[in-house]
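# Descriptive structure summary
One letter stands for each residue in the lines below.
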Amino acid sequence: MASKTTLNAKNLEALGTERLAALLIEISTGSATSKRRLRIELAGLQSNDEVIREVTKRLAAIDRSRSKIGWRQVRTLKKDLETQWRTITEIIAPNDPNEALEVMWRFMDIAGSVLARTNDTNGTLLSVFSSACTDFGAIALKATPDPTVLAKRAFSALHNNEYGQYDGLIAALAAPLQQQGMDQLKALLIANLKTLKIAFADNSRRVSYADGLEQRKQESEIRKFLRQIADAQGDVDAFIETHDDDGSRPLIAVEIASRLLATGRSREALDSLKRASQATSEPMPYEWQAIYADTLEKLDRKDEAQSLRWQWFEQSFHEEHLRAFLKRLPDFDDMEAEEKALSHVAAYPDAHQALRFLLTWPHLEKAARLVISRETDLSGDDYELLSLAADTLRNSFPVAATIALRKMIDFTLGWSRAARYRHAARQLNELETISANITDYGSIETHHAYAAKLKTRYQTKSKFWKMRRP
């Protein structure tokens with residue numbers, strides 16, 4: 001049972017309205033965000049129109065401001081924007097969805113001016129607008145606007161998508177736009193694309209390099225939206241048309257093939273993938289290989305698909321190829337095949353690539369054996385990999401973890417990498433801790449012997465020894 005001093009609604013109600021009101025005044029003093037929230041609640045007691053006025057007034061104030069938004073102000077502004085957004089969806093929309101839709105457009109309209117005034121490297125503010133954009137659908141479904149009018153409004157918004165705030169708009173509005181609105185929006189985008197091409201062709205000799213880049217950027221953006229419409233309408237052919245000659249690029253071929261497969265057009269998917277592979281002498285990326293094998297399976301060429309998965313695994317050590325291969329084997333056959341695969345990995349000439357695979361698969365026993373048996377093949381310069389090995393193996397395989405740590409320490413001190421001294425000092429401390437769990441060092445020297453040798457060999461590196469814990 002909760003204590004009577006626990007902060008919850010029931011306990012606070014016991015304070016009474018007058019005391020709660022006084023506390024809210026006290027708590028909101030000095031907090032503009034809290035005051036605005038309280039004003040919205042008070043406005044809601046009067047009418048929905050008052051709430052709308054409060055929100056639009058605040059949005060206008062944010063839009064008018066021209067001061068830079070520093071990183072210290074980002075969090076406060078984010079809370080402010082989220083308050084306005086929640087008010088639209090939680091208070092205005094249930095009472096008047098048509099007005100809520102208009103206010104939501106107003107909310108999204110200020111994204112450009114807000115994002116232009118801040119170096120939003122973490123995407124903190126952009127994420128607010130991107131998330132709010134997804135609410136258009138639910139509000140518009142209740143508001144039931146004319147699909148043609150909604151299409152024109154959406155087109156205008158997409159035309160001002162400088163920061164990507166409207167990237168999710170088409171998916172959000174797919175249902176309320178209906179077929180009529182989607183077709184209208186598609187027609188507007190296609191007309192805009194044609195206009196861009198004509199303007200570029202007429203001025204091709206006078207267009208600067210920068211203008212040419214901007215024109216191609218706009219074309220790419222329009223094609224992106226046309227693809228979204230094609231996906232929303234389930235029109236694979238329309239999706240393919242937006243790529244023109246780009247279908248020969250492997251990752252685009254993957255996008256096309258995945259959509260063809262989903263609609264049962266496996267033969268066309270295979271042809272698309274083959275065209276991409278024939279257009280370049282470069283190795284195909286994993287995404288292409290994976291869907292190529294899946295396409296062969298759809299065409300009942302399962303043995304060929306499995307053969308390729310194994311071949312690609314042996315070439316790349318991409319674990320998803322092996323997982324896909326094993327998944328399709330009968331029980332017990334998969335265990336034998338996995339053992340064969342991991343033995344192949346352990347014997348691979350590149351010890352670093354082999355160790356990375358065994359650690360992430362994971363098969364820690366084989367990873368430990370590799371570290372111990374192929375110590376001389378490992379470079380202490382690979383800080384990321386050996387740190388992962390030491391951290392992963394220290395509990396179950398402390399000798400292997402010890403070797404990984406020693407390799408890094410020896411490299412750091414042997415090559416006088418002063419910037420890594422603090423890490424090497426920490427690693428030597430870790431060795432001391434791990435040594436308490438080792439009863440048999442096998443073929444390697446004990447920690448006491450190693451530490452003594454280190455002290456003798458590098459006694460002049462005073463900067464390093466000062467970093468050691470006492």
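Values in this document were obtained by computation on a predicted structure and should not be read as measured data.

### A short note on the overall build of the protein
Within the protein one finds 26 helices and zero strands. Compactness check: the protein gives a C-alpha radius of gyration of 31 Å against a globular reference of 23 Å for 470 residues, more than 25% above the reference. Over its C-alpha atoms, taken along the principal directions, the protein stretches across nearly 80 × 70 × 60 Å. By residue count, 41% of the 470 residues in the protein fall in the buried class. Of the contacts made within the protein by residues no fewer than 6 positions apart, 64% connect residues no fewer than 24 positions apart. Here the protein has roughly 26,300 Å² of accessible surface; of this, 51% comes from carbon and sulfur atoms. One finds the centroid of the 66 positive side-chain charges in the protein at a distance of 8 Å from the centroid of its 65 negative side-chain charges.

### Observations regarding the packing of aromatic side chains
The way to describe two aromatic rings as a pair is by their centre distance and the angle between their planes. Under the criterion given, the structure shown has 15 aromatic pairs. For the ring pair phenylalanine 317 and phenylalanine 357, a centre distance of 5.9 Å and an interplane angle of 55° mean the geometry is tilted. Taken together, the residues span a long stretch of sequence, with phenylalanine 317 in the loop between helix H17 (302-316) and helix H18 (319-327) and phenylalanine 357 in helix H20 (residues 351-360) at a distance of 40 residues. Across this residue pair, the class does not change: phenylalanine 317 and phenylalanine 357 are buried. A centroid spacing of 6.2 Å and a plane angle of 35° characterise the contact between phenylalanine 411 and tryptophan 415, whose relative ring orientation is tilted.

### Focus: the environment of phenylalanine 317
Judged by relative accessible area, phenylalanine 317 falls into the buried class, the value being 6%. Through-space distance from the C-alpha of phenylalanine 317 to that of alanine 354 is 8.1 Å; in sequence the pair is 37 residues apart. For phenylalanine 317, the residues in contact, after removing those within four places along its chain, are Trp312, His344, Val345, Tyr348, Gln353, Ala354 and Phe357.

### Brief notes about the packing of helix H19 (residues 333-346) against H20
Where H19 contacts H20, the two axes come as close as 8 Å, and the packing angle between them is 145°. Contacts between H19 and H20 involve Leu342, Val345 and Ala346 from the first element and Ala354, Phe357 and Leu358 from the second. Its residues assigned to classes, the contact of H19 with H20 comprises six nonpolar, no polar and no charged.

### What to know about the environment of phenylalanine 397
Along the chain, the position of phenylalanine 397 falls in the loop between helix H22 (383-393) and helix H23 (398-414). Separated by 346 residues in the primary sequence, phenylalanine 397 and valine 51 have C-alpha atoms spaced 64 Å apart. Phenylalanine 397 has contacts with Leu364, Glu365 and Ala368, leaving out every residue within four places of it along the chain.

### Quick word on the layout of surface pockets
Size it by volume and the largest pocket reaches roughly 500 Å³. Lining the largest pocket are 26 residues; nearest its centre among them are Leu158, His159, Asn160, Asn161 and Glu162. For the lining of the largest pocket, the secondary structure elements donating two or more residues are helix H6 (97-109), helix H7 (111-116), helix H10 (147-158), helix H11 (169-202) and helix H12 (209-233). If one sorts the elements of the lining of the largest pocket by residue count, H12 sits on top with six residues.

### Here's the deal with unusual backbone geometry
In this structure, proline 362 follows tryptophan 361 across a cis peptide bond, with omega equal to -5°. With respect to the element layout, proline 362 can be found in the loop between H20 and helix H21 (364-373). The phi dihedral of glutamine 178 falls on the positive side, at around 60°, and the residue is not glycine. Tracing the sequence through the fold places glutamine 178 in helix H11. For glutamine 178, a relative accessible area of 48% corresponds to the partly exposed category. Within the chain, phenylalanine 317 stands out as a residue other than glycine whose phi angle is a positive 60°.

### Here we look at H22
Of the residues making up H22, those classed as buried are Leu385, Leu386, Ser387, Ala389, Ala390 and Leu393. Buried positions along H22 lie against H20, H21 and H23.

### Observations concerning the side chain of arginine 406
Along the chain, arginine 406 turns up in helix H23. Of the side chains bearing the opposite charge, glutamate 445 lies closest to the buried arginine 406, which forms no salt bridge; the N-O distance is 4.5 Å. A polar atom in the side chain of arginine 406 sits 3.4 Å from the backbone oxygen of threonine 446.

### Regarding the nonpolar core
In this structure, Phe107, Phe136, Leu169 and Leu185 are the most contacted members of the largest nonpolar core, which totals 54 residues. The element that contributes the greatest number of residues to this core is H11, accounting for 10 residues. Apart from residues no more than four positions distant in its own chain, phenylalanine 107 is found in contact with Leu59, Leu81, Gln84, Trp85, Ile88, Val128, Phe129 and Ala132. Core analysis: the second largest hydrophobic core is formed by 50 residues, Ala354, Ala424, Leu431 and Leu454 among them.

### Considerations on the pattern of salt bridges
If you walk through the whole model with that rule in mind, you get 28 salt bridges. Between arginine 259 and aspartate 231 there is a salt bridge, with the nearest N and O atoms lying 2.7 Å from each other. Within this pair, whereas arginine 259 is found in helix H14 (residues 250-262), its partner aspartate 231 is found in helix H12, the two being separated by 28 residues in sequence. Judged by relative accessible area, arginine 259 falls into the partly exposed class, the value being 23%.

### Quick word on the side chain of aspartate 120
Topologically, aspartate 120 is positioned in the loop between H7 and helix H8 (124-133). Buried and unpaired, aspartate 120 has no salt bridge, with lysine 78 as the nearest side chain of opposite charge at 10 Å. Polar side-chain contacts of aspartate 120 include one of 2.9 Å to the backbone nitrogen of threonine 124. A distance of 3.0 Å separates a polar side-chain atom of aspartate 120 from the backbone nitrogen of leucine 126. Not counting chain neighbours up to four residues away, the residues in contact with aspartate 120 comprise Leu115, Leu125 and Leu126.

Definitions and cut-offs
- Residues numbered from 1 in each chain as written.
- Predicted model: local features only at pLDDT ≥ 70, side-chain atom pairs only at ≥ 80, totals over all residues.
- Heavy atoms only, no water.
- Helix = DSSP H or I, 4+ residues; strand = E, 2+ residues; numbered from the N terminus.
- Rg over C-alpha atoms; globule rule 2.2 N^0.38 Å.
- Buried < 20%, exposed > 50% of the residue type's maximum accessible area, 1.4 Å probe, protein only.
- Contact = heavy atoms within 4.5 Å.
- Areas by Shrake-Rupley, 256 points an atom, 1.4 Å probe, with all protein chains shown as cover.
- Lys, Arg positive; Asp, Glu negative; His and termini not counted.
- Charge placed at Lys NZ, Arg CZ, Asp CG, Glu CD.
- Phe/Tyr/Trp six-rings, centres within 6.5 Å; stacked < 30°, edge-to-face > 60°.
- Axes fitted to C-alpha atoms, helices over the stretch in contact; angles between N-to-C directions.
- Nonpolar A, V, L, I, M, F, W, Y, C, P; charged D, E, K, R; others polar.
- 1 Å grid on protein atoms, 1.4 Å probe; cavity = no way out; pocket = protein on both sides within 12 Å on 5 of 7 lines; lining within 4 Å.
- Points joined across faces, edges and corners; volume = space filled by probe spheres on them.
- Salt bridge = Lys/Arg side-chain N within 4 Å of Asp/Glu carboxyl O.
- Polar contact = N/O pair within 3.5 Å; in protein donor to acceptor, adjacent residues only side chain to side chain.
- Core = buried A, V, L, I, M, F, W, Y, C linked by side-chain atoms within 4.5 Å.

So, to be careful, I would describe these as geometric facts and stop short of saying anything about function.
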